[in-house]
Protein chains: 2
Amino acid sequence: MIEDFALQCPIPLDDNPTVQMGHGGGGRMTRDLIEKIFLPAFTNDLLAPLHDGAILPPVGGRLAFTTDSFVVRPIFFRGGDLGSLAVNGTVNDLAMCGARPLYLSAGFILEEGLPIKDLWRVVRSMADAAAAAGVRVVTGDTKVVDKGHGDGIFINTAGVGVIETRLTIGPMSVRPGDAILLNGDIGRHGIAVMAEREGLEFESDISSDCAPLNGPVLALLDGGVEVHCLRDLTRGGLTSALIEISESANLPMRVEEETVSVQDGVRGACEILGLEPFSVANEGRFIAFVPAGEAETALRLLGSGAAVIGAVDPPGNQPPLVRVRTSLGTSRILDLPSGEQLPRIC
Amino acid sequence: MIEDFALQCPIPLDDNPTVQMGHGGGGRMTRDLIEKIFLPAFTNDLLAPLHDGAILPPVGGRLAFTTDSFVVRPIFFRGGDLGSLAVNGTVNDLAMCGARPLYLSAGFILEEGLPIKDLWRVVRSMADAAAAAGVRVVTGDTKVVDKGHGDGIFINTAGVGVIETRLTIGPMSVRPGDAILLNGDIGRHGIAVMAEREGLEFESDISSDCAPLNGPVLALLDGGVEVHCLRDLTRGGLTSALIEISESANLPMRVEEETVSVQDGVRGACEILGLEPFSVANEGRFIAFVPAGEAETALRLLGSGAAVIGAVDPPGNQPPLVRVRTSLGTSRILDLPSGEQLPRIC
């Protein structure tokens, strides 16, 4: 079966062409790859000149600037792929600065032998994700490494956005009494990738939550909510996000475990794999710190799936801790995992 | 012997510590790496908050935005290393847009087992290069891939700069009669890396030309030269740069071979390796297209080593070609290499 996306590829895929060292050499083969893969997918006015860099119109306001490399394996998984991840990951980092994402760069490190079909599928997915998030890929770079010195495809994206709010969004703005909001259920991205990698079949199909977050964040800001801090729940999951903000703000926090939504399938998979759902990576989930009095408004703006999961406490005499109260009434203290639970999940 | 740079490393290097998978997991090990390697090296006000992205003051003017991944092997070579290359490469791409480079991002893809010493040395080199070029590394990311699925260290940098000139710099502005200037001798970077990689000893020590180009470019612009086009001579060297601009501008060009400076050692090495100096990569060389009447001024601003190497001809009836006239009075037509002459040179 030839998939639809493959039919549209300007390089015929019948003979299963692969990436060669020459595609990274800066000569005709490089240009061929640019003209037949990257330009057709990313086409836009700012990309077209193919100069050393993109020239962008003036941006009125503070800028947000961020970067992320994506090395997830396998590159295709239920609910997403390396391409959608590479776009949404950077879009989301910009959104967490309170910025409106505008432009992305895309740097590809390809391993000799990568099927062109896979590259095309990833690049098309990036283009679709960029369109969905309302950003443009305006500049890029491709390098090829010899077989055995890479892993198919790595993508780096950097992003530029404009900060239109006058709020200072970050841990320094978190205040005692702030409500902690979460925009949906957690753990699906990490489990979806692990399932694909290990060939596991769970009772229910678990699909990555990979999604752009600029929509919900700008809904909060445009809706007039006094957002204090935002953080997406990627590597280290909810655990890392809460602990890092607690430590940076030097304020203790508490979370009601039963308010944190976890799909039954994710919970079951975590038990089998010996994982803690709070620490599993997400790619479409974030927490927002807002004044308690604005929590209702914020929930309404975030829509279904969002919940208040906890609150910030006044400073104490000891280093700040994040306490999780279980449905049984007991409580535990969140601890940052030392290394990583799931390697190469994003 | 313990080198000076190693003594300053906040992680003791005596037991030759290496990068572990956990350094990429987003937990305590990741934070340790950030706090002991990246922050001490790159320290600046904008980087400090360690948020998802950097928040930058408004920039008055058009922006330039560019990205490049660096996969050169070996990572240390005479005259530079992967770190200086990663900074200068992106600084130079911004300079080629006529921009003043301001901010860089740094994305690291590390292979499990990389000596921390090598990482520290590369990061320190990046910091030195950033200081020399007057740019700040304001945001970053680190991923770790399992042993055998990377190659020690890959670095992506993206850059943001401000365009203060009102000129439109690019192939579309090239005009018949324009002089083509080159800022120094060519071929040293590619040969220096090849020598290191292959363990070759050439008669003379050949050192990479790796250097930031924002200084000379801004000297031209601030000096009032009407710069039409700029291009740095990286992958594909002078050959690719001339052919690409000729094709984009749809104008033929000619170059006087004897005006293009090549060190004797580079020429000899190229003969041994079967390479053409015009097509070897550089990391501190660029060509500038300026009106013939401003060539003298431009040469003076570029300083010693710079030369007028050719000119743009009026359009003809045929596709534009770049002709090289040799010292013997013969002429040849430049042709873009198909794949690459030297893999992983930048």
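About the thresholds
Residues numbered from 1 in each chain as written. Chains lettered and ligands numbered in written order. Predicted model: local features only at pLDDT ≥ 70, side-chain atom pairs only at ≥ 80, totals over all residues. Heavy atoms only, no water. Salt bridge = Lys/Arg side-chain N within 4 Å of Asp/Glu carboxyl O. Helix = DSSP H or I, 4+ residues; strand = E, 2+ residues; numbered from the N terminus. Buried < 20%, exposed > 50% of the residue type's maximum accessible area, 1.4 Å probe, protein only. Least-squares fit on C-alpha atoms with pLDDT ≥ 70 in both. Contact = heavy atoms within 4.5 Å. Buried area = accessible area lost by both parts, 1.4 Å probe. Nonpolar A, V, L, I, M, F, W, Y, C, P; charged D, E, K, R; others polar. Pairing = 2+ DSSP bridges. Axes fitted to C-alpha atoms, helices over the stretch in contact; angles between N-to-C directions. Parallel < 35°, antiparallel > 145°, perpendicular 65-115°, else oblique. Left-handed = near helix turned anticlockwise from the far one by under 90°. Lys, Arg positive; Asp, Glu negative; His and termini not counted. Expected span 1.5 Å × (residues − 1). Right-handed = clockwise from strand over helix to strand, strands pointing away. Core = buried A, V, L, I, M, F, W, Y, C linked by side-chain atoms within 4.5 Å.

(A) The pattern of salt bridges, seen in detail. Residues and elements named next belong to chain A. Tallied over the entire structure, the rule returns 38 salt bridges over all chains. Residues Arg285 and Asp185 are paired through a salt bridge, measuring 2.9 Å at the closest nitrogen-oxygen approach. You can see Arg285 sitting in the loop between helix H8 (264-273) and strand E11 (286-290) and its partner Asp185 sitting in the loop between strand E8 (179-182) and helix H5 (188-198), a full 100 residues away along the chain. The exposure class of Arg285 is buried, given its relative accessible area of 11%. Classification of Asp185 by relative accessible area gives buried; the value is 11%.

(B) Highlighting the relation of the copies chain B and chain A. Between chain B and chain A, the superposition needs a rotation of 180° and an axial shift of 0.0 Å, giving an RMSD of 0.0 Å. What we have between these two chains is a two-fold relation. In terms of proximity to the rotation axis, the leading residue of chain B is Gly150 of chain B, whose C-alpha is 2.2 Å off the axis. An overlap of 100% is found between the interface residues of chain B and their copies at the interface of chain A, pointing to a shared contact surface.

(C) Quick look at the interface of chain B and chain A. Counting residues at the interface gives 77 residues for chain B and 77 residues for chain A. Here chain B packs against chain A, burying approximately 6200 Å² in sum over the two surfaces, 55% of which is carbon and sulfur. Contact with chain A buries surface across chain B, with Asp52, Phe65 and Arg235 of chain B losing the most and accounting together for 13% of the total. Tallied by class, residues from the side of chain B that touches chain A come to 32 nonpolar, 26 polar and 19 charged.

(D) Highlighting the sheet that holds strand E11 (residues 286-290) of chain B. All names here are of chain B. On the basis of which strands lie adjacent, the open sheet formed by 7 strands has the order E9-E11-E8-E12-E10-E13-E14 and mixed pairing. This sheet does not close on itself; its edge strands, each paired only once, are strand E9 (229-232) and strand E14 (331-333). Direction aside, neighbouring strands of the sheet carry axes that sit 25° apart on average. Here strand E8 (residues 179-182) pairs with strand E12 (residues 307-312) via 4 bridges, running antiparallel. From the neighbouring strand, Leu182 faces E12, where its bridge partner is Ala307.

(E) Region of interest: the packing of helix H6 (residues 214-222) of chain A against helix H9 (residues 295-302) of chain A. All names here are of chain A. Running from amino to carboxyl end, H6 crosses H9 at an angle of 140°, the nearest separation of the two axes being 9 Å. Taken together, the axes of H6 and H9 are oblique relative to one another. Read as a crossing pair, H6 and H9 show a hand that is right-handed. Within the contact between the two elements, H6 uses Pro216, Ala219 and Leu220 and H9 uses Ala298, Leu301 and Leu302.

(F) Fine view of the side chain of Asp93 of chain B. Structurally, the position occupied by Asp93 of chain B is in helix H3 (residues 82-96). No salt bridge is formed by the buried Asp93 of chain B; its nearest oppositely charged neighbour, Lys143 of chain A, is found at 7.6 Å. If sequence neighbours within four positions are ignored, Asp93 of chain B has contacts with Asp52 of chain A together with Thr66, Thr67, Asp68 and Asp232 of chain B.

(G) Region of the structure containing H3 of chain B. All names here are of chain B. Compared with the 21 Å implied by 1.5 Å per residue over 15 residues, the 21 Å span of H3 between its first and last C-alpha is a close match. Taking burial as the measure, the 15 residues of H3 include 15 buried ones, the bulk of the element. After H3 finishes, the residue Gly98 shows a positive phi value of roughly 80°.

(H) Quick peek at the pairing of strand E5 (residues 99-111) of chain A. Residue and element names in this part refer to chain A. Across the 13 residues of E5, 11 count as buried, placing the element largely inside the fold. Two elements, E5 and strand E7 (residues 153-163), share 11 bridges in a ladder whose sense is antiparallel. When the sheet's bridge partners are listed, Pro101 is paired in E7 with Gly161. The pairing of E5 with strand E6 (residues 136-145) spans 9 bridges and is classified as parallel. Looking at E6, one finds that Ser105 is bridged to Thr139. The parallel pair E5 and E6 is bridged by helix H4 (residues 116-133), and the resulting crossover is right-handed.

(I) Layout of the nonpolar core. Within the largest apolar cluster, 86 residues are counted, with the highest numbers of intra-cluster contacts made by Ile37, Phe108, Leu119, Ile153, Leu242, Ile287 and Phe289 of chain A. No other element matches H4 of chain A, which puts 10 residues into this core. Contacts of Ile153 of chain A, omitting those with residues within four sequence positions, involve Ile75, Leu82, Phe108, Ile109, Leu110, Leu114, Leu119 and Val122 of chain A. Counting 85 residues, the second largest nonpolar core, distinct from the first, contains Met21, Ile245, Val266 and Ala269 of chain B.

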